[in-house]
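Fold and geometry: a report
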Amino acid sequence: MKICMIAEGCYPYVVGGVSSWIHNMINSFPEHEFIICAIAADRKMRGKFVYELPENVSSVYELYLSDFDWSQEDSKWGIKRSNSWHKKRMKKDEYKALVSLIVNENPDWDTLFDFIKKPWVSVNGLLMGVDFMNAVKESYRRFHSEAVFSDYLWTMRSIYLPLFLIMKFDVPKADIYHCVATGYAGVIGAMGKYRHNAGLLVSEHGIYTREREEELVSAKWVQGIYKSIWIEQFKKMSVLAYERADLITCLYGYAKELQIELGAPVSKIQVTPNGIRTRNFSNIPGKLPEDEGFCNIGAVLRVAPIKDVKTMIRAFYYAKKREPSLKLWIMGSYDEDEEYAKECFDMVDALEVEDVVFTGRIDVKEYLGRMDCTILTSISEGQPLTILEGYAAHKPCIATDVGNCKGLIYGEEGDEYGDAGVLCHIMNIEEISEAMILFAQNEVARERMGEAGYSRVMSKYTIEHMIDTYRNIYEGFR
């Protein structure tokens, strides 16, 4: 079968997390041909792959949420120049579909898919045209007449620019469209199903709408009513993916509840936990002579705001004062958000805290055996692979109460393995600091929790379990 894997903001540009999951999935099904649709912010990411693509990847399509309107180019791009967009108007059914989308009343996506795909339609022309402005006026009149209309209009243009660019994409033909999120990936998947009469599978690791909502609530670049308008935009795209999907997967029970709350039909949802190659961590190197006397805490992550590395550093600062044997290893890339990474480096210098090591990108197998535990202080997660990998190496974890971290540490219903780490509240420096000290001072508890984690990962979270599940899912689309 030909499977089109659709991802936003991760594979093949970013290491770890969802990207690792996608890479493992493709490698695990060599009998299938994979096409990658990779959605990035802009063309700065073009071709900057951090993975060597597996042999069964036949092609990669890169899409950008901020891009040039290629439909305005001349015929060398295969499309005639269209300078008369302002003279062309939408047909009644097309305009009605546009209004239904903007006011979010049973959006007629298919009519818009067909309209925007027309060669003469330019995204810029549509956004700057009379029809779009009139549709926005209808939304303004009904919902937000208290706002300044010019601000409202330009905000709506900025909201719909990335969506319309995505809808202009000529989706390659496949047997299955596998979206590793809703959002813009879900829109592409829905278009693929519509155009090619194929299957649509949506696999959420984090709940896309909730993650975008969390980001927007704290964002400084958008204020007032425009926060809620952006949030609604992400919700309507997710609803599209849920409604069109043949099957929706999530990683744990609470995620399923959130999907249902956001509009996913309960009959379509299947819980499919993550899986890791546990054998990769069975004979990894242990501690080195230089580790003698240290309690090594390992954070395998990319240095980015969502991982809240600053809280981790502050907690370590206070723990180190009380327990000098502690050493913090921050293991992962710091080129995704260089400004945030610099702030973290500067914080370590300003606090004058010793024994904080930034390794950059590593092979986790070369370091994990040296650790006494792992740590994750994220403000948002799905079902973190780094916790599972730590468990496979018999390492307990410290984690914030996000995503499925609670279930991984304490076990899901019917799990009798016991605590495999310490759960802390988000951004709670005192709790995280105390957990660090506990692991440094209580070797017996540390080893007991590590064994509980190992038993848990082997019982439910192996790559073999996951691949068997997805093999059955893929075969079900035949």
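Structure: above.
Residues numbered from 1 in each chain as written. Predicted model: local features only at pLDDT ≥ 70, side-chain atom pairs only at ≥ 80, totals over all residues. Heavy atoms only, no water.

**Section: helix 2 (residues 92-102)**
Note the threshold: Residue exposure (1.4 Å probe, protein chains only): buried if accessible area is under 20% of the type maximum, exposed if over 50%, otherwise partly exposed. Elements are defined by DSSP. Helices are runs of H or I of four residues or more, strands are runs of E of two residues or more, and each kind is numbered from the N terminus. What makes two residues a contact is simply this: any of their non-hydrogen atoms within 4.5 Å.
For helix 2, the full list of buried residues reads Glu94, Ala97, Leu98, Val99, Ser100, Leu101 and Ile102. Buried positions along helix 2 lie against helix 3 (109-117), helix 5 (130-143), helix 6 (149-167) and helix 9 (225-244). Immediately downstream of helix 2, the backbone of asparagine 104 shows phi near 60°, a positive value.

**Examining the sheet that holds strand 1 (residues 2-8)**
Counted only if it meets this: Only when DSSP finds a minimum of two bridges between them are two strands counted as paired. Note on definitions: angles span 0 to 180 degrees between N-to-C directions of axes, and those axes are lines fitted to C-alpha atoms, for helices only across the stretch in contact.
Taken in spatial order, the 7 strands line up as 3-2-1-4-5-6-7 in an open sheet, and their pairing is parallel. The sheet terminates laterally at strand 3 (57-64) and strand 7 (269-271), the two strands that pair on one side only. Averaged over all pairs of adjacent strands, the angle between their axes in this sheet comes to 20°, without regard to strand direction. Where strand 5 (residues 199-203) lies against strand 6 (residues 247-250), 3 bridges are found, and the strand directions are parallel.

**Regarding the sheet that holds strand 10 (residues 356-360)**
Taken in spatial order, the 6 strands of this open sheet run 10-9-8-11-12-13, and their pairing is parallel. A strand with exactly one partner marks an edge of an open sheet, and here the two such strands are strand 10 and strand 13 (421-424). If you compare each strand with its neighbour and ignore which way they point, the axes differ by 20° on average. Direction of pairing for strand 11 (residues 373-376) relative to strand 12 (residues 397-400): parallel, over a ladder of 3 bridges. Looking at the pairing, threonine 374 lines up with cysteine 397 of strand 12.

**Some points on the packing of helix 11 (residues 309-322) against helix 15 (residues 429-441)**
Filter applied, for reference: Any angle that falls under 35 degrees is termed roughly parallel, while one over 145 is termed roughly antiparallel, one within 65 to 115 roughly perpendicular, and all others oblique. By definition, any crossing whose near helix is turned counterclockwise from its far helix by less than a right angle is left-handed, and any crossing with a clockwise turn is right-handed.
Close contact between helix 11 and helix 15 brings their axes to 8 Å; oriented N to C, the two are set at 50°. Viewed along their axes, helix 11 and helix 15 adopt a mutual orientation that is oblique. Handedness of the helix 11/helix 15 crossing: right-handed. Contact residues: helix 11 offers Thr311, Met312, Arg314, Ala315, Phe316, Tyr318, Ala319 and Arg322, while helix 15 offers Ile429, Ile432, Ser433, Glu434, Met436 and Ile437.

**Describing the packing of helix 3 against helix 6**
The criterion, for reference: We call Asp, Glu, Lys and Arg charged. Ala, Val, Leu, Ile, Met, Phe, Trp, Tyr, Cys and Pro are nonpolar, and the rest, Gly among them, are polar.
In contact at an axis separation of 9 Å, helix 3 and helix 6 are set at 75° when each is read in the N-to-C sense. The angle between the axes of helix 3 and helix 6 places the two elements in the roughly perpendicular class. Contact residues: helix 3 offers Trp109, Leu112, Phe113 and Ile116, while helix 6 offers Leu163, Phe164 and Met167. Taken together, the residues of the contact of helix 3 with helix 6 break down into 7 nonpolar, no polar and no charged.

**Side note on the pattern of salt bridges**
Basically, it comes down to this: Salt bridges are defined by distance alone: a side-chain nitrogen of Lys or Arg within 4 Å of a carboxyl oxygen of Asp or Glu.
Under the defined criterion, the tally for this structure stands at 29 salt bridges. Among the salt bridges present, the one from lysine 2 reaches glutamate 33, with a minimum N-O distance of 3.9 Å. Of this pair, lysine 2 sits in strand 1 while glutamate 33 is found in strand 2 (residues 33-40), placing the two residues 31 residues apart along the sequence. Under the relative-accessibility criterion, lysine 2 is labelled partly exposed at 29%.

**Concerning the packing of aromatic side chains**
Going by this rule: Pairing of aromatic rings covers Phe, Tyr and the six-membered ring of Trp, with a centre-to-centre limit of 6.5 Å; geometry is then stacked below 30 degrees between planes, edge-to-face above 60, and tilted otherwise. For a ring to carry a charge above it, either NZ of a lysine or CZ of an arginine must fall within 6 Å of the ring centroid while also lying within 35 degrees of the normal to the ring plane.
Overall, the coordinates contain 22 aromatic pairs when judged by the stated rule. With a centroid separation of 6.4 Å and 55° between ring planes, the pair formed by tyrosine 470 and tyrosine 474 is classed as tilted. With a gap of 4 residues between them, tyrosine 470 and tyrosine 474 both fall in helix 17 (residues 463-475), about one helical turn apart. We note that tyrosine 470, like tyrosine 474, is buried. Each residue in the set Tyr184, Tyr208, Trp221, Trp230 and Phe234 is aromatic and connected to the rest through ring pairs, giving one cluster. Cation over ring: arginine 157 sits above tryptophan 154, and NZ or CZ is 4.5 Å from the ring centre. Lying over the aromatic face of tyrosine 208, arginine 212 brings its terminal NZ or CZ to 4.6 Å of the ring centre.

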